[in-house]
Amino acid sequence: MIDLHCHLLPAIDDGPPDLGAALRLAQAQAAAGVRTVAVTPHAIAAWPNDEARIARGLIEMRTALRAASIPLELVHGAEVDLRWALGRSDEELSGLTLDGGRWLLLESPLTATAPLEEGVATLRRRGFEILLAHPERAPLLQREPQQVARLVRAGVRTQVTAGALEGRFGRHVQRCALALMESGLAHTFASDSHSAERRRPGLREPLEQAGFGAAVRLLCEEHPAMVLAGQAPPETVALKRRRGLLGRLRG
Ligand SMILES: [Fe+2]
């Protein structure tokens, strides 16, 4: 599987505080069946990570993975804040895309008043494709889910977070994640993991528990591979849900 959203690099944002913790997270990723991880530290005013800093962390981490014999491939990336992105040059933003391609992992704004649609349109006009991280957690998208549908029609693709589907952010966020998946608006599924313990990795199990086991290949392999190859996953993703696996997840 390919995890397109993971705060794996040590001491660069609110992910692992040191190399040992980062290696534990990497080990947990590999144990969960993930073979490729996009390292996506925050790129935001509080953590203004740029291409050079992320590249240095990536080299250090790859060396440590080899030394520890952890079979995990890493690709370059960042989780980019909307307002911060709008203030960056094309060259700066190009250094933050997933694997150096055209796709930016854009954090869904957690404030209720961010200019999301206008900002996304601006970034797309500048030539960047947008993978929208965890729309299910964004208050403005929870309030107006049709905004996600409009964004997707405009070319945006989404990344639903495993912990959201599991209910780790509460029932409301869980229902929003389910709604995205059931309305064909979930294109990729990622962990957004920050450590082996807190917001830990794991993609297959949360999908299976929610009745979407049949979607593992599509959401965690095929579509992420398309994004890394510079292609867009299809606009609508019809997912079959097997009901009754967990009564508490009844949508
Ligand atoms: Fe994240």
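Keep in mind it's a predicted model, so treat the numbers as computed, not measured.

(A) Structural detail: unusual backbone geometry. Of note in this structure, H134 is not a glycine but carries a positive phi near 35 degrees. Within the secondary structure, H134 is located in the loop between β8 (129-133) and α6 (139-143). Residues other than glycine seldom take positive phi values, yet D192 does so here, at roughly 50 degrees.

(B) Region of interest: the sheet that holds strand β2 (residues 36-39). If you walk across this open sheet you meet the 3 strands as β1-β2-β5, and the pairing is parallel. Each edge of the open sheet is held by one strand with a lone partner, namely β1 (2-6) and β5 (73-75). Across this sheet, the average inter-strand angle for adjacent strands is 25 degrees, counted without regard to direction. In this sheet, β2 lies alongside β1 in parallel orientation, the contact comprising 3 bridges. What sits directly across from I2, in β2, is T36.

(C) Structural detail: the coordination of the iron ion. On the protein side, the iron ion has H5 (NE2), H7 (NE2), E79 (OE) and D192 (OD) as donor atoms, found 2.0 to 2.2 Å from it. Coordination at the iron ion is irregular: its 4 donor atoms span angles of 83 to 175 degrees at the metal. For the iron ion, the donor residues sit on a single chain with the sequence spacing H-x1-H-x71-E-x112-D. As far as burial versus exposure is concerned, H5 and H7 are alike and both buried.

Analysis parameters
Residues numbered from 1 in each chain as written. Predicted model: local features only at pLDDT ≥ 70, side-chain atom pairs only at ≥ 80, totals over all residues. Heavy atoms only, no water. Helix = DSSP H or I, 4+ residues; strand = E, 2+ residues; numbered from the N terminus. Pairing = 2+ DSSP bridges. Axes fitted to C-alpha atoms, helices over the stretch in contact; angles between N-to-C directions. Donors = N, O, S within 2.8 Å, 3.2 Å for Na, K, Ca; no water. Tetrahedral: all angles 85-135°; square planar, octahedral: opposite > 155°, others 65-115°. Buried < 20%, exposed > 50% of the residue type's maximum accessible area, 1.4 Å probe, protein only.

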